[in-house]
Amino acid sequence: MADVDSLTFEDSCLFHDIRGRAHEAPTPLAPLADTHGHLGSLEDHDAALSLVRAALAGVRLLVCPIDPAFAHEFPDTWKDPQALEAWFGKTIAKAREYLSRFAECGLVPPTFAGAYENVPELLENVFVIAGAHPYSAADFDDDARARMEQLLACERTLGVGEIGLDFGPYCEVCEEAQVRAFRAQLRMAHEHRLPVELHLRDGEGNTHAHDVAQTILEQEGVPEAGCDLHCFTDGVEVMAPFVELGCYVAFGGAATFKRSEDIRSAALACPSAQILSETDAPYMAPEPLRGSECEPAMVAFSAELLARIRAEAGVASKQETYDALWTNALRLCGLD
């Protein structure tokens, strides 16, 4: 059994930067949603305790991507959908036990009034999306597709992702294989009437991945259930055609970085009905926690940044942005 110190680092503060300095969690004005966090990929943090920390930060919805073609995540770690559900069940049960103990010490999740009074707790709102990442597109064969069909049939699964195109320096999969896997999975989303979350990374000095993805979406159609540009890290010009297609745009920790003026400009230009919050945990922890392993609770900092800059620019009040981030997440996930 974990003790309070394992969560609070002995000072009752949820967050600490890489130098060990404490940082107070922002106070959310609405329930928080992490629409993309790899709970099963955390290394420095226990998954159950990460759920606890997220709950205490005000997170009420978490969407976890699962890749049916990635050998290190599925099916080796989770041998089949039943084993996957057993892992989530065990992790959530541990988190519930921890939360009960922390409550005895006065550590409880924030409550929300009015329209949010009856929003379920986070541990009732942990979901999965399934899809072959561009890194594993070459391995999206008949077996991987069959595993994905199994995952899409699971009660916890509510979408397809992350799928897309990556022409950056870290992906060695050829464009043809990526496009083939992208089209196939986009069609699966249409068949199952599910939303998609897209991973799009361009090559150096170009917008090729976004250009090709835009063409494919125009040809195949944007799923009626919704389409999300996950982990958006570009400017307004790159974002605009996808907004025009009706896509959501998810902003995470990168929007908080000092040199991310272009991302913040996109966040200001994004229509309120299409903006989302996420972490992409365990990657890109937001300021002031940059350099740490990111976890779902840290969406609190990204959401606060989005709300603040949009209020300062006169785009929307802080409350309106917090409301939009939550409402849009529910709509994308089919939970509204």
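Look up a bit, the structure's there.
Residues numbered from 1 in each chain as written. Predicted model: local features only at pLDDT ≥ 70, side-chain atom pairs only at ≥ 80, totals over all residues. Heavy atoms only, no water.

Draft legend 1. Highlighting the side chain of Glu304. Secondary-structure assignment places Glu304 in helix H9 (residues 299–312). Residue Glu304 is classed as buried on the basis of its relative accessible area of 18%. Ignoring anything within four residues of it in the chain, the contact list for Glu304 reads Pro26, Lys318 and Tyr322. (Helix = DSSP H or I, 4+ residues; strand = E, 2+ residues; numbered from the N terminus. Buried < 20%, exposed > 50% of the residue type's maximum accessible area, 1.4 Å probe, protein only. Contact = heavy atoms within 4.5 Å.)

Draft legend 2. Focus on helix H5 (residues 175–192). Between its terminal C-alpha atoms H5 stretches 26 Å, which fits the 26 Å expected from 18 residues at 1.5 Å a residue. Along H5, the residues classified as buried are Ala177, Gln178, Val179, Ala181, Phe182, Ala184, Gln185, Leu186, Met188 and Ala189. Against helix H4 (142–152), strand E6 (157–166), strand E7 (196–201) and helix H6 (208–220) lie the buried residues of H5. Where H5 ends, the next residue or the one after it, Arg193, has phi of about 55°, a positive value. (Expected span 1.5 Å × (residues − 1).)

Draft legend 3. Up close: the packing of aromatic side chains. Applying the stated criterion across every chain, the model contains four aromatic pairs. For the pair Trp87 and Phe88, a centre-to-centre distance of 5.0 Å together with 90° between the ring planes defines the contact as edge-to-face. When the centroid spacing of 6.4 Å and the interplanar angle of 45° are considered together, the rings of Tyr98 and Phe102 count as tilted. With a gap of four residues between them, Tyr98 and Phe102 both fall in helix H3 (residues 81–104), about one helical turn apart. Per residue, the accessibility class of Tyr98 equals that of Phe102, and both read buried. Taking the ring centre of Phe257 as reference, the NZ or CZ of Arg290 above it sits at 3.6 Å. (Phe/Tyr/Trp six-rings, centres within 6.5 Å; stacked < 30°, edge-to-face > 60°. Lys NZ or Arg CZ within 6 Å of the ring centre and 35° of its normal.)

Draft legend 4. Examining the side chain of Gln185 more closely. Its place among the elements puts Gln185 in helix H5. Classification of Gln185 as buried rests on a relative accessible area of 1%. In contact with Gln185, not counting residues within four places along its chain, are Gly131, Ala132, Phe140, Met148, Val160 and Ile163.

Draft legend 5. Summary view of unusual backbone geometry. Of note, the amide linkage connecting Gly161 to Glu162 takes the cis form, showing an omega dihedral of -5°. Looking at the element boundaries, Glu162 is found in strand E6. The step from Glu287 to Pro288 runs through a cis peptide bond, and the omega angle for that step is 10°. When you line up the elements, Pro288 lands in the loop between strand E10 (275–277) and H9. The phi torsion at Met284 lies on the positive side, around 50°, for a residue other than glycine. The residue Met284 is located in the loop between E10 and H9 in this model. Given a relative accessible area of 32%, Met284 falls into the partly exposed group.

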